[in-house]
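# Structural description and commentary
In case you want the letters, here they are:
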Amino acid sequence: MSTPRKRAFSTRSIHSGEPVDPSTQAVEPSLVLSTNFVFDPDTAGFSAETLDDKTPNVYARWSTPTVRALEVKLADLEDAEDALCFASGMGAISALLLGTLRGGDHLVLSDVCYAGVAELARNTLPGFGIEVTTANFSDLDAVAAAIRPNTKLLWAETPCNPILRLTDIAAVAEIAHTAGALLGVDSTMATPVATKPLSLGADLVAHSLTKYLNGHGDALGGVILGGRERLSKLRQGALIHFGGALSPFNAWLIRRGLHTLELRMKAHQENALCVAAYLESHPAIKRVIYPGLPSHPQYELAKRQMHNMSGMLTFQTKEDGVEVARRFYRKLQVFTYAVSLGKQRSLLFYIPTEELLKSSFSLEGAALESYRDFAGDGIFRVSIGLEALEDLCADLDQALS
Ligand SMILES: *Cc1c(COP(=O)(O)O)cnc(C)c1O
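All values derive from a computational prediction rather than experimental measurement. (Residues numbered from 1 in each chain as written. Predicted model: local features only at pLDDT ≥ 70, side-chain atom pairs only at ≥ 80, totals over all residues. Heavy atoms only, no water.)

### Details of unusual backbone geometry
A negative phi angle is the norm for most residues apart from glycine, just as the trans form is the norm for most peptide bonds. The test is simple: Elements are defined by DSSP. Helices are runs of H or I of four residues or more, strands are runs of E of two residues or more, and each kind is numbered from the N terminus.
Cis geometry is adopted by the peptide bond preceding Pro-159, which originates at Thr-158 and carries an omega value of -15 degrees. Counting through the fold element by element, Pro-159 comes out in the loop between β4 (151–157) and α6 (169–178).

Pasting the structure below:
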């Protein structure tokens, strides 16, 4: 028998994990909120350690049909063996770090990454005896130099928040594997439409489902993807026992958002590229960073590694950023002055570099110089939404003038 042709991304994003319900004939899946499930005493026990495929649902912190259906869909979209959902992106990443690393292990972390991850690594992991070194992950020599004999995990984020610097996943995977370490990638900003880190050699991938994958700004969630065996261990040790389970209602919303992921990413990219080009030619703007612009310092890598350039960009103004931020907050009507990203509405906010470097990243010396070189001082981080392009540009135009 020939193997069936693999369906295209959009088809899988709609159908995968969502067969017609045989018990109700409902075309769209029911939301199962039950916290416990009947089980056969011969096939399941009272401990999560007896969990197996025959009795996937025992207690809702372990798994529920609605969350499991989302995991099946996410694994399919990421070309992963399995997926494990959590209550938030930070829930997923903290479970991954604490479930993978032990006292005496060493973690190499991107020196610029999601602030919550940077702070967790710097403030919390050392208390468990885990050593942490940060490195500029766009500099392969710096990553290699950070490796130690006890390095267990490298953690990359590409594009990285908030400066949109990229990491060459295949090259860093080789460094990790040569050292006998694992590579994990936070792929939240790229999404599986753009990049499949596992196929480039990464061992684990995490997403904040809160962002593009849900896409509508109304549900927190997170996921880890990777090999079945590794995830099965994480399910027992880091999901069931740490307890950060995803709510079925959020899973149901995120599943719905995923149906349009590829369509939305195309529209985010199209809008972002035009807004980036518009800003780059605007007299009030000093610099724009967008992976889809030839002016991005890693444009060649972006073209090679990202099949969609996503909707995130940053810019600097010639005028003092704090003043511009106040004006934006007052005058913007289509953009919303707010954190977060990857939703239908366009969002924007100002990040004073000094503050961020001291608090979240505590960069010094060469790392600080390279950050400043790349991003400059004081940046606006923008998540371009799905509004009409002419309204986005008109809104920026009136607020900039
Ligand atoms: C938002 C975000 C997270 C954290 O996800 P939450 O769902 O907010 O916990 C992690 N990494 C990146 C890149 C993010 O943008």
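Still more to cover.
### Observations concerning the packing of aromatic side chains
The cut-off we apply is this: Only Phe, Tyr and Trp rings take part, Trp by its six-membered ring, and two of them pair if their centres are within 6.5 Å. Stacked means planes under 30 degrees apart, edge-to-face means over 60, and tilted covers everything else. Partly exposed residues are those whose accessible area sits between 20% and 50% of the maximum for their type, while under 20% is buried and over 50% is exposed, using a 1.4 Å probe and protein chains only. Comment: the charge-over-ring label is applied if NZ (Lys) or CZ (Arg) is within 6 Å of the ring centre and within 35 degrees of the ring normal.
Summed over the entire model, instances satisfying the criterion amount to five aromatic pairs. Summarising the aromatic geometry, the rings of Tyr-329 and Tyr-337 are spaced 6.0 Å apart at their centres and angled 80 degrees between planes, so their arrangement reads as edge-to-face. Judged by its relative accessible area of 61%, Tyr-329 falls in the exposed class. Ring plane angle 50 degrees and centroid distance 4.9 Å describe the contact between Tyr-350 and Phe-380, whose orientation is recorded as tilted. You can see Tyr-350 sitting in strand β11 (residues 347–351) and its partner Phe-380 sitting in strand β12 (residues 379–383), a full 30 residues away along the chain. This pair shows no difference in class: Tyr-350 is buried, exactly as Phe-380 is. Taken together, the ring pairs in this structure connect Phe-315, Phe-328, Tyr-350 and Phe-380 into an aromatic cluster. A cation over a ring is seen here: Arg-255 above Trp-252, with NZ or CZ 4.6 Å from the ring centre.

### A look at the site of the ligand
Definition in use: Being near a molecule or strand, for a residue, means having at least one of its heavy atoms within 4 Å of it. Residue burial considers only the protein chains on display, and all accessible areas are found by Shrake-Rupley using a 1.4 Å probe. Under the grouping applied here, Gly and all other residues not named as nonpolar or charged are polar, the nonpolar ones being Ala, Val, Leu, Ile, Met, Phe, Trp, Tyr, Cys and Pro and the charged ones Asp, Glu, Lys and Arg.
Around the ligand, 13 residues are found, and the nearest of them are Met-90, Asp-186, Ser-208, Thr-210 and Lys-211. For the ligand, the protein covers 94% of the area, taking 380 Å² as the surface of the free molecule. A total of three residues in the shell around the ligand trace back to one element, the largest contributor, which is helix α3 (residues 89–100). Grouping the amino acids of the shell around the ligand by side-chain chemistry returns four nonpolar, six polar and three charged.

### Quick look at α3
The α-helix advances 3.6 residues per turn, and as a result positions three or four apart in sequence lie on the same side. Under the convention used in this document: Multiplying 1.5 Å by the residue count of a helix minus one yields the expected span of that helix.
In a regular helix each residue adds 1.5 Å, so twelve residues correspond to 16 Å; α3 covers 16 Å between its end C-alpha atoms and thus fits that length. Of all twelve residues making up α3, nine are buried, and the element is well covered by its neighbours. Of all the residues in α3, the buried ones are Gly-89, Gly-91, Ala-92, Ile-93, Ser-94, Ala-95, Leu-96, Leu-97 and Thr-100.

### A word on the side chain of Ser-383
Keep this limit in mind: Between N or O atoms, a polar contact is any pair within 3.5 Å; within protein, one atom must be a potential hydrogen donor and the other a potential acceptor, and residues adjacent in sequence are included only when both atoms are from side chains.
Within the fold, Ser-383 resides in strand β12. Among the polar contacts made by the side chain of Ser-383, one reaches the main-chain amide nitrogen of Gly-342 at a distance of 2.9 Å.

### Re helix α10 (residues 261–280)
How we decide: In this context, the arc is that of the directions from the helix axis out to the C-beta atoms. Every residue pair with non-hydrogen atoms within 4.5 Å of one another is taken to be in contact.
The terminal C-alpha atoms of α10 lie 28 Å apart, and with 20 residues this matches the ideal 28 Å at 1.5 Å per residue to within 8%. Those residues of α10 not exposed but buried are Leu-261, Arg-264, Met-265, His-268, Asn-271, Ala-272, Val-275, Ala-276, Tyr-278 and Leu-279. Summarising the axial view, the buried residues of α10 lie within an arc of 155 degrees, below the 170-degree limit, and thus occupy one face. Opposite the buried face of α10, at more than 90 degrees from it, the exposed residues are Leu-263 and Glu-270. As for α10, its buried residues are in contact with α1 (9–15), α7 (191–194), α9 (248–258), β8 (285–289), β9 (312–317) and α15 (389–400).

### Description of the domain arrangement of the protein
For the record, the criterion: Domain ranges listed in this record stem from an automatic or a database domain assignment. Salt bridge, as used here: a side-chain nitrogen of Lys or Arg that lies within 4 Å of a carboxyl oxygen of Asp or Glu.
By domain assignment, the protein separates into domain 1 (9–258) and domain 2 (261–400). The centre of domain 1, based on its C-alpha atoms, is set 26 Å off from the matching centre of domain 2. Contacts between domain 1 and domain 2 engage 39 residues on the former and 41 residues on the latter. Connecting domain 1 to domain 2 are one salt bridge. Between Arg-304 and Asp-168 there is a salt bridge, with its nearest N and O atoms 3.6 Å apart. Put simply, domain 1 and domain 2 have 17 residue pairs in polar contact (both at pLDDT 80 or more) between them. Secondary structure elements with two or more residues in the side of domain 1 that touches domain 2: α1, α4 (115–123), α7 and α9. Residues of the side of domain 1 that touches domain 2, tallied by class, amount to 20 nonpolar, 13 polar and six charged.

### Points about the pairing of β12
Filter applied, for reference: Between any two strands, at least two bridges found by DSSP are needed for them to pair.
Taken across its five residues, β12 has five buried, putting it largely inside the fold. Of the two faces of β12, the one holding Ile-379, Arg-381 and Ser-383 and the one holding Phe-380 and Val-382 are both buried throughout. Relative to β12, β9 runs antiparallel, the two being bridged by four bridges. Bridge pairing in β12 links Leu-313 to Val-382.

### Focus on the packing of helix α13 (residues 353–361) against helix α14 (residues 365–375)
Our working rule: Fitted lines through C-alpha atoms serve as axes, helices being fitted only where they are in contact, and the angles separating the N-to-C directions of these axes extend from 0 to 180 degrees. An angle below 35 degrees is read as roughly parallel, one above 145 as roughly antiparallel, one from 65 to 115 as roughly perpendicular, and any other as oblique. Crossing handedness: left-handed means the near helix sits turned counterclockwise from the far one by under a right angle, and right-handed means the same turn made clockwise.
In contact at an axis separation of 12 Å, α13 and α14 are set at 140 degrees when each is read in the N-to-C sense. When the axis of α13 is compared with that of α14, the two are oblique. Judged by the sense of rotation from one axis to the other, the crossing of α13 with α14 is right-handed. Taking contact as the criterion, the partners of Thr-353, Glu-354, Leu-356, Leu-357 and Phe-361 in α13 are, on α14, Leu-368, Tyr-371 and Arg-372. Looking at the contact of α13 with α14 residue by residue, the class counts come to five nonpolar, one polar and two charged.

### As for the side chain of Ser-94
When you line up the elements, Ser-94 lands in helix α3. Polar side-chain contacts of Ser-94 include one of 2.8 Å to the backbone oxygen of Met-90. Each residue touching Ser-94, except ones within four places of it in the same chain, is listed here: Gly-99 and Leu-120.

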